[in-house]
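# Geometric and topological summary
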Amino acid sequence: DKFGEGYQGVLYGGFMATARGVKLSEYNGRLGDPEGWNVLSLLDSSVIEICNGITDGRLNQVDVRFKNKATVCKYAVPEGYPDNPIKGESIDLSNIENPDSLFYASVDVHNGKLIEAGSRTVAVVGIAESISAAEQIAEKEVSAVGGPLFHRADIGTDDLVQKRVDQMKLLR
């Protein structure tokens with residue numbers, strides 16, 4: 001096959017608003033990225049049926065539905081990430097109130113303990129009626145992850161969202 005012909009799977013794009021219109025900055029099919037967790041967390045259909053529909057060539061016959069909610073995904077990453085991440089240190093998830101909001105990423109188990117493996121460690125997705133409320137949920141949970149980790153506390157905040165909206169207005 002030629003490149004791109006016959007592909008069956010999931011692709012999503014990363015788009016950027018520019019002064020000359022919306023541009024595609026990347027596309028990929030890594031559903032472990034924050035973009036993937038945000039979408040998958042809202043899926044209100046069977047992911048198995050969707051995957052079977054893709055492989056069987058009948059996705060157009062599958063009822064794909066999403067919840068009408070807002071999501072914010074925040075990752076806890078090892079100190080030193082991305083250039084010189086700490087690896088092999090224990091992480092503590094005992095203070096997470098909603099384990100269903102937690103997604104394991106670059107982790108391993110050593111002597112019965114969950115440890116950092118060097119990249120994005122765990123993701124937390126807040127789901128609510130608004131981005132602001134979803135951000136508060138995600139921030140509370142990701143802040144409860146213990147270990148030599150950090151996260152971007154500004155992701156999904158009202159201030160950052162407004163900054164991006166203002167930036168887009170300037171581009172127009």
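Notes on the structure in this doc start here. Note that the coordinates shown come from a computational prediction; the quantities given were computed from them, not determined experimentally.

### A short note on the overall build of the protein
- If you tally the helices and strands in the protein, you get four helices and eight strands.
- Reading the protein from its N end, one meets helices and strands in the order β-β-α-α-β-β-β-β-β-α-β-α.
- For the protein, the C-alpha atoms occupy an extent of roughly 45 × 45 × 35 Å along the three principal directions.
- The 172 residues of the protein split such that 33% are buried.

### Side note on helix H3 (residues 131-143)
- Taking 1.5 Å as the rise per residue, H3 with 13 residues should run 18 Å; its terminal C-alpha atoms sit 18 Å apart, in good agreement.
- Along H3, the residues that are buried comprise Ala 134, Glu 135, Ala 138, Glu 139, Glu 141 and Val 142.
- Lining the buried residues of H3 we find strand S3 (70-78) and strand S7 (122-128).

### Some remarks on the sheet that holds S7
- Reading across the sheet, the four strands line up as S4-S7-S3-S8 and stay open at both edges, with antiparallel pairing between neighbours. If you trace the sheet from one side to the other, it starts and ends with strand S4 (102-104) and strand S8 (149-150), each paired once.
- For S3 and S8, the ladder comprises two bridges, and the chain directions are antiparallel. Looking at the pairing, Pro 78 lines up with Leu 149 of S8.
- The strands touched by H3 within the sheet are S3 and S7, with S3 carrying the most contacts at an inclination of about 25°.

Parameters and conventions
- Numbering of residues begins from 1 in every chain and follows the order in which that chain's sequence is written.
- Per-residue local features of the predicted model are confined to residues with pLDDT of at least 70, and side-chain atom pairs are confined, for both listing and counting, to 80 or more; whole-chain, interface and lining totals are unaffected and use all residues.
- The basis for every side-chain value is the complete set of non-hydrogen atoms in the structure, without hydrogens or water.
- The helix count covers DSSP runs of H or I at least four residues long, the strand count covers runs of E at least two residues long, and both are numbered beginning at the N terminus.
- Buried means the residue's accessible area, taken with a 1.4 Å probe over protein chains only, is under 20% of the maximum for its type, while exposed means over 50%, and partly exposed covers the values in between.
- The span you would expect from a helix comes to 1.5 Å times its residue count less one.
- Contacts are residue-level and defined by heavy atoms, with any inter-residue pair within 4.5 Å sufficient.
- Any two strands with at least two DSSP bridges between them are considered paired.
- Axis definition: a line fit to C-alpha positions, over the contact stretch in the case of helices; interaxial angles, taken between N-to-C directions, run 0 to 180 degrees.

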